[in-house]
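Read off the chains here:
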Amino acid sequence: MKTEPHVALGISDTIRERLPFAEHAIKVTATIFGLVVLLDMIRQLTTGELTVALIASYLWRGLAYGLVIGLAGVGLSLTYDLLDFANFAHGDYITISAFVGWGVAYLVAGFGQFSPGSLLFLGVGGTVYPQDVGISVTAAPVAILVGLIIAALVGALLAVALDSAVYKSMRGAGNITLLIASVGVAFVLRYAAVFLFTQQTFGLTADSWSYEIGLPGGAVRITSASLLLIIVALVMMIAIHLLLTRTKLGKAMRAMGANQQLARVTGIPSEKIVRRTWLIGGALAGIAGFMIALLQGTINYQIGWTLLLLVFAGVIMGGIGSVYGAIVGGILVGLITRVSLIWIPASFTEATGFAVMILILLTRPAGIFGGDAT
């Protein structure tokens, strides 16, 4: 049968064809809303309700938060692009990696002063506190670096091990089966964290270096934790870009993401590429988990799950399967959730990220980058 011309249209083209008026109405509404928000911000600045320093502070914190969301989103996008399923256990890779990484960081920083068990389990039961160990970015940089590396290794090994044990045998069963399996894996990992570390929230770091930049109306406080997070996230994102564009592995990953059957025919070892993709995605999840705990200064068994919801928002906003979309979407979610504090209480900020995601999808159903892997 001859293919009809309209079949070749993308999702965005189809919606434009069917609902041109609705799409233009949404764009006009979004533009008006954006202008109202901008004008209200200017009004608050002129009346003194808002200061330049406060806006800059929100932007800095939003950038740091958004970069860690984007970093976690890159790992999720890589595996989605190859295996075509949303891995709901990704958030718990973040949690387990963060706990193990910080346990090792405590062990390195407090070795010889406290029992290894108390250090590895972050002082469960109140046996060790951050002030006792004296751990921070500036006071114990070696411990932080070792913990970060261990978190990346744990995330990578956990992702590969679970793929071999659970997902590999289910790949032919369909995406829904894989998704449900990932939910089951997520609960197992989450309650393993509860069993080992209890449900308490742990403080992680002692006071550290910070620098204040004076601006009209106050100052922007830049902490060593936020500065390190931004540096690490940028380095990792540049590394991922170079991996995808300059290496044989990256080109093979892109080829498999575009057409797995054709990639196999051309001799690309698909199983090896899938395994290495899990390694990279898991390592990024581990780094994101360690860094978000460092940024917040606390950790609990739900840290990954809480972050995962925003990671999904960023990935969908940027375009499912797009690495660059995950980065841009994550940064946008981080900025939106922090800048929205100007108008709404902190407990509602995450909702604004999802609201903007929905607004973007109404005008660009495939996301900002349209799902292109690179």
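For the structure itself, look to the data block above.
Note that this is a predicted model, so its numbers are computed, not measured. (Residues numbered from 1 in each chain as written. Predicted model: local features only at pLDDT ≥ 70, side-chain atom pairs only at ≥ 80, totals over all residues. Heavy atoms only, no water.)

## Here's the deal with the pattern of salt bridges
Here is step 1: Counted by the stated rule, this structure contains five salt bridges.
Here is step 2: Here arginine 171 makes a salt bridge to aspartate 163, at a shortest N to O gap of 2.7 Å.
Here is step 3: With relative accessibility at 25%, the residue arginine 171 sits in the partly exposed group.
Here is step 4: Accessibility expressed as a relative area gives 4% for aspartate 163, which makes it buried.
Here is step 5: If you follow the salt bridges from partner to partner, you end up with Asp40, Arg43 and Glu49 in one network. (Salt bridge = Lys/Arg side-chain N within 4 Å of Asp/Glu carboxyl O. Buried < 20%, exposed > 50% of the residue type's maximum accessible area, 1.4 Å probe, protein only.)

## So, the pairing of strand S2 (residues 210-215)
Here is step 1: In the sheet, S2 pairs with strand S3 (residues 218-223) via six bridges, with the strands oriented antiparallel. Bridge assignment links tyrosine 211 to a residue of S3, and that residue is isoleucine 222.
Here is step 2: Between S2 and S3, which pair antiparallel one after the other, the connecting turn spans two residues, and glycine 217 there sits at a positive phi close to 95°. (Pairing = 2+ DSSP bridges. Helix = DSSP H or I, 4+ residues; strand = E, 2+ residues; numbered from the N terminus.)

## Some details on unusual backbone geometry
Here is step 1: Within the chain, leucine 122 stands out as a residue other than glycine whose phi angle is a positive 55°.
Here is step 2: Assignment of secondary structure puts leucine 122 in the loop between helix H5 (116-120) and helix H6 (130-133).
Here is step 3: Positive phi is not limited to glycine here, since threonine 198 has a value of about 65°.
Here is step 4: Structurally, the position occupied by threonine 198 is in the loop between helix H8 (175-197) and strand S1 (202-203).

## A short note on the nonpolar core
The nonpolar side chains of a soluble globular protein tend to be buried, and buried together.
Here is step 1: The biggest cluster of nonpolar side chains holds 103 residues, and the ones touching the most others in it are Tyr93, Trp102, Ile135 and Tyr167.
Here is step 2: Residue contributions to this core peak at 14 residues, all from helix H12 (residues 270-296).
Here is step 3: Every residue in contact with tyrosine 167, bar those within four places of it in the chain, is listed here: Phe85, Asn87, Ala89, Tyr93, Leu162, Leu178, Ala181, Ser182, Val185 and Trp278. (Core = buried A, V, L, I, M, F, W, Y, C linked by side-chain atoms within 4.5 Å. Contact = heavy atoms within 4.5 Å.)

## Details of the packing of aromatic side chains
Here is step 1: Under the counting rule described, the total for this entry stands at nine aromatic pairs.
Here is step 2: The interplanar angle of 55° and the centroid separation of 5.4 Å between the aromatic rings of phenylalanine 85 and tyrosine 167 together place this pair among those described as tilted. One end of the pair, phenylalanine 85, is in the loop between helix H3 (52-83) and helix H4 (90-109); the other, tyrosine 167, is in helix H7 (residues 141-167), and 82 residues separate them in sequence. Assigned by exposure class, phenylalanine 85 and tyrosine 167 land together as buried.
Here is step 3: On the numbers, 5.5 Å between centres and 40° between planes, the contact of phenylalanine 121 with phenylalanine 197 is tilted. (Phe/Tyr/Trp six-rings, centres within 6.5 Å; stacked < 30°, edge-to-face > 60°.)

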